[in-house]
Structures are given as structure tokens and as C-alpha cells.
Amino acid sequence: KATVSVLNCSDEGRGACGQKRKDRKQKMTSIRVADTVAILGGGAFGTALAQHLARKGTKIKMWVLEAETAANINDNHENVGFLPGLKLSPLITATLSVKEAVQGCDMVLLVIPTPFIRQWLQVNHPAMPVGVPLVCCSKGIEIGTHSTPYEILVEEMPGKYHKHLSALSGPSFAWELATGNPTNVTVAAAHHTTAATAQAYLSNKHFRVYTSPDVIGAELCGALKNVIAIASGASDGFAFGSNGRAALISRGLAEMTRLIVKKGGQASTVMGLAGVGDLVLTCSSTMSRNYSVGYRLAKGDSIEKILGGSRAVAEGVKTSASVYEMAQALDVDMPISNEVFQVIHRGKPIKTALATLQSRPLRSEGETFEFRSKM
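Anyway, here's the lowdown on the structure attached to this text.

Some words on the overall build of the protein
Right, so step 1: Across its full length, the protein carries 17 helices and 8 strands.
Right, so step 2: Relative to the globule expectation of 21 Å for 375 residues, the C-alpha radius of gyration of the protein, 22 Å, shows essentially globular dimensions.
Right, so step 3: In terms of overall dimensions, the protein has a C-alpha envelope of 70 × 65 × 35 Å along the principal axes.
Right, so step 4: A total of 375 residues make up the protein; the buried ones form 52% of that total.
Right, so step 5: Taking all contacts inside the protein whose residues are at least 6 apart in sequence as the whole, residues at least 24 apart take part in 72%.
Right, so step 6: In the form shown here, the protein has an accessible surface area of approximately 17300 Å², with 53% of it arising from carbon and sulfur atoms.
Right, so step 7: Across the protein, the mean location of the 40 positive side-chain charges is 5 Å away from that of the 30 negative side-chain charges.

Right, dumping it as C-alpha cells:
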């Protein structure tokens, strides 16, 4: 006969019940509306975040690089270059001045492509406000240093900023976010109060934000899934079918977990929104820039032609080199990522690379990971 334990809320149990409710309430975060948010970066995702927050009633000040983009946003309420066809809220304004964008803001969202973050910060970090959440929304791994965007922020910004830093990760195509489709993501931070504040400002009934202490895991998930997505796009480009895509996703999760645990992240993070959630999304849709790179490679386009014809950044292309170097240095087995690197940076025929994965020595599937975190 099964038994169920129930918290007794009567008589002597009432005090325990009240404390339980109090503890649970303290862990919950209420949705809040920021008065003003600065978004630094005028690409598709930065624009989508701006539209989402404006829908909540938040005033948005966007820093953009191009004068043409600023004019389109301010005069026509549209970011034609990166998110065409979306009518932007009048609460969104654009500027070419970082100082003007961040003045008086309640939160900063940094949406600069990873290869340019360090140089951008070296020039602009003195203008950044102190004491407000700074959420890094970029995904990738810096070439040479192997630093994630969050790590670059820690390296380049004075210590007074560090406790206010967090990283956003999870399945979130820009167009769907911008148009109000249901989206769930994770904000990871070393300090829970920082993550909780960002969570409250970002969340609404369409955009649900979870918090996590595993910054390393969340950021590496966001970078590694882009590399796996290139392989998935190539598989679909060759019409290898749903079985092949499912194999790449599941084995991609395995190699992502190996590297993340080796770097001090948590295996459990890979099973959440930042990991399996974002990987499934990115590996299964033509809306994914990285998936599209793999698909077009399978169709015969060169990597130079693919990259030359788009203003949007497919982070997985450059990230594949960093992942290859990290895996070699840390002695981590990452066969899918290795083949993507060989195709993009060594000229290996992509069909040969996919065949290589299927002809590897047979082995056991099961692996044991240690759950730990440096954050």
C-alpha cells in the first residue's frame, strides 16, 4: 500500500506550514516593469528583445552601429537590415551614442557579436552604469582566448561591475520572440539576486525566464549548440532523414556535456533550456542561421559564399575553431564538433565528414558525469 506524506497545517503543524509557505514565497520572483532598458546592439535578437520589453511598457534606448539603422528605427519604426517586416513600438528609440543609450537605465542588455565584445568593451565600458543588471545576450567562444562572453566581461570590466553580470541563454528565435510567441529562457548569474532582478524585468506571460547559478554551463551550451546545428543542417541538406537528425542531436548533447563538465559546469544544465532546449530548436529549423550554413554546404555552396551573402552572424562558424582547440587542449572527445571544424576550416568534404561519424569504432552509450560548478 503506497503512502503519501502531507504537510500538516492544523494545530501544532500550522507553524511548519506557514514557514514552508514563507520560504516558497521568498524563492518566487514577481514580474516587474523597468522604466528604461538600454539594449546595446542593433541586430535581430537585440531588436526582438527591444520589442518584447516595449510590449511590457518599458522605454527602450538602443545603441546601434549604423546611422542608417538608427534612422530606420527612429523614423520608420522598423529595423529593415536585421528584422524586416516587423513594426516596432514607438517606445523604442535608437542612438549612435553608448552614453546616451545607458543614461538613467534600469538594466543593460549587451547583444554584441562575440568576436567584437572585447574590443567594444575596451572602448565603451567607462560609459556603463554601475549597480544595474548587465545581461549578456551574446553566444559564442572567443577565438584564441576561448573565453565566453560573460568571461570577457569579467576580464575587461572593473570588479565593481562583476556582481551585476548575468548571461541569457535558451531557445529564442528573434522573430518569434518579437511577435510574442511563447518563449522560455534561462538567466545565469553568480549572484542569485542579480539573476532574479533580470528575471523580473524580462519576464511576462509570453516570455518566461528561469534562473540558474551555472554561468559556465549556460554559456557553453549557447555556443556549442551552434556547432552541432551546422552538422544537423548538413544532414537535412543531404536528406538523411529524421533518424539522422535525432542521432546528431542526442550525440551532440553527449559531447556538449563532456566539455561543459570538464570546464566546471553542471551536466544538469545541458538537460535544460540552455542545453537540450536550444539545441533542438537550432538543429531543427531553417530559421537557424547555423542550421542554414550546414544545409547550404550540403547543397554545394562554399563557406565563403554563404558568409558573404548575409549580414547576420552565424556564430557556429567561428565557434567551431575555438571548440576544436578547447577539445584538443582538454582531451575531450567531441567527434561531431571536430568534423564541423574539419569541413569549415580544413576543407574536408561535408558528406565525407558525416560518413566519418557513422564509421567510428563501436562503443557503449552510457557515461557518468560529475555534477559540479565553479560559479
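Observations concerning the environment of Ala-223
Right, so step 1: Here Ala-223 lies in helix α9 (residues 215-237).
Right, so step 2: A residue is classified by how much of its surface remains accessible, and Ala-223, at 0% relative accessible area, is buried.
Right, so step 3: Expressed as a C-alpha distance, the spacing of Ala-223 and Ser-169, which sit 54 residues apart in the sequence, is 9.5 Å.
Right, so step 4: When residues no more than four places from it in sequence are discounted, the contact partners of Ala-223 are Gly-140, Ile-141 and Thr-319.

Here's the deal with the layout of surface pockets
Right, so step 1: There is about 1200 Å³ of room inside the largest pocket.
Right, so step 2: As for the largest pocket, its lining consists of 40 residues, and the residues nearest its centre are Gly-43, Ala-44, Phe-45, Arg-289 and Val-313.
Right, so step 3: When contributions to the lining of the largest pocket are tallied by element, the ones reaching two or more residues are α2 (44-56), α5 (114-124), α7 (174-178), α9, α12 (273-282) and α13 (289-298).
Right, so step 4: Across the lining of the largest pocket, the residue classes break down as 21 nonpolar, 12 polar and 7 charged.
Right, so step 5: Roughly 570 Å³ of volume is contained in the second largest pocket.
Right, so step 6: Every element with two or more residues in the lining of the second largest pocket is listed here: α10 (241-262), α16 (335-346) and α17 (350-358).
Right, so step 7: With 6 residues, α10 is the largest single contributor of residues to the lining of the second largest pocket.

A closer look at empty space enclosed by the protein
Right, so step 1: Enumeration over the complete set of coordinates arrives at 4 cavities of 30 Å³ or more.
Right, so step 2: Put simply, the largest cavity is a space of about 80 Å³.
Right, so step 3: Around the largest cavity sit 13 residues that line it, and Ala-231, Glu-339, Val-340, Val-343 and Ile-350 are the ones nearest its centre.
Right, so step 4: Within the residue set of the lining of the largest cavity, elements represented by two or more residues are α9, α16 and α17.
Right, so step 5: Taken together, the residues of the lining of the largest cavity break down into 12 nonpolar, no polar and 1 charged.

Focus on α13
Right, so step 1: Those residues of α13 that fall on the buried side of the exposure criterion are Asn-290, Tyr-291, Val-293, Gly-294, Leu-297 and Ala-298. What you see down the axis of α13 is that its buried residues fit within an arc of 155 degrees, all on one side.
Right, so step 2: Contact partners of the buried residues in α13: α9, α12, α14 (303-308), α15 (315-330), α16 and α17.
Right, so step 3: At the C-terminal side of α13, Gly-300 shows a positive phi close to 105 degrees.

Observations regarding the pattern of salt bridges
A pair can form between side chains of opposite charge whenever their charged atoms are brought close.
Right, so step 1: Counted under the stated rule, the structure contains 12 salt bridges.
Right, so step 2: Put simply, Arg-118 and Glu-156 hold a salt bridge, and the shortest N to O gap is 2.8 Å. Of this pair, Arg-118 sits in helix α5 while Glu-156 sits in helix α6 (residues 149-156), placing them 38 residues apart in sequence. Across the pair, exposure class does not vary: Arg-118 and Glu-156 are buried alike.
Right, so step 3: Connected via shared salt-bridge partners are Arg-118, Glu-142, Glu-155 and Glu-156.

Brief notes about the pairing of strand β4 (residues 107-110)
Right, so step 1: Side chains Met-107 and Leu-109 of β4 all project onto a buried face; the interleaved residues Val-108 and Leu-110 project onto the opposite face, where all are buried too.
Right, so step 2: Relative to β4, strand β1 (residues 36-40) runs parallel, the two sharing 4 bridges. Across the sheet, the residue bridging to Leu-40 is Leu-110, located in β4.
Right, so step 3: Bridging between β4 and strand β5 (residues 134-136) involves 3 bridges; their strand directions are parallel. Across the sheet, residue Leu-110 finds its bridge partner in β5, namely Cys-136.
Right, so step 4: For the segment spanning β4, α5 and β5, crossover handedness is right-handed.

Overview of the pairing of strand β6 (residues 165-169)
Right, so step 1: The element β6 is extensively covered by neighbouring structure, given that 5 of its 5 residues are classed as buried.
Right, so step 2: Neither face of β6 is left uncovered, since the one carrying Leu-165, Ala-167 and Ser-169 and the one carrying Ser-166 and Leu-168 both have all their residues buried.
Right, so step 3: In this structure, β5 lies alongside β6, joined through 3 bridges in parallel fashion. Considered in β6, the bridge of Val-135 is made with Ser-166.
Right, so step 4: Handedness of the β-α-β unit built from β5, α6 and β6 comes out right-handed.

How each quantity is defined
Residues numbered from 1 in each chain as written. Predicted model: local features only at pLDDT ≥ 70, side-chain atom pairs only at ≥ 80, totals over all residues. Heavy atoms only, no water. Helix = DSSP H or I, 4+ residues; strand = E, 2+ residues; numbered from the N terminus. Rg over C-alpha atoms; globule rule 2.2 N^0.38 Å. Buried < 20%, exposed > 50% of the residue type's maximum accessible area, 1.4 Å probe, protein only. Contact = heavy atoms within 4.5 Å. Areas by Shrake-Rupley, 256 points an atom, 1.4 Å probe, with all protein chains shown as cover. Lys, Arg positive; Asp, Glu negative; His and termini not counted. Charge placed at Lys NZ, Arg CZ, Asp CG, Glu CD. 1 Å grid on protein atoms, 1.4 Å probe; cavity = no way out; pocket = protein on both sides within 12 Å on 5 of 7 lines; lining within 4 Å. Points joined across faces, edges and corners; volume = space filled by probe spheres on them. Nonpolar A, V, L, I, M, F, W, Y, C, P; charged D, E, K, R; others polar. Arc of directions from axis to C-beta. Salt bridge = Lys/Arg side-chain N within 4 Å of Asp/Glu carboxyl O. Pairing = 2+ DSSP bridges. Right-handed = clockwise from strand over helix to strand, strands pointing away.

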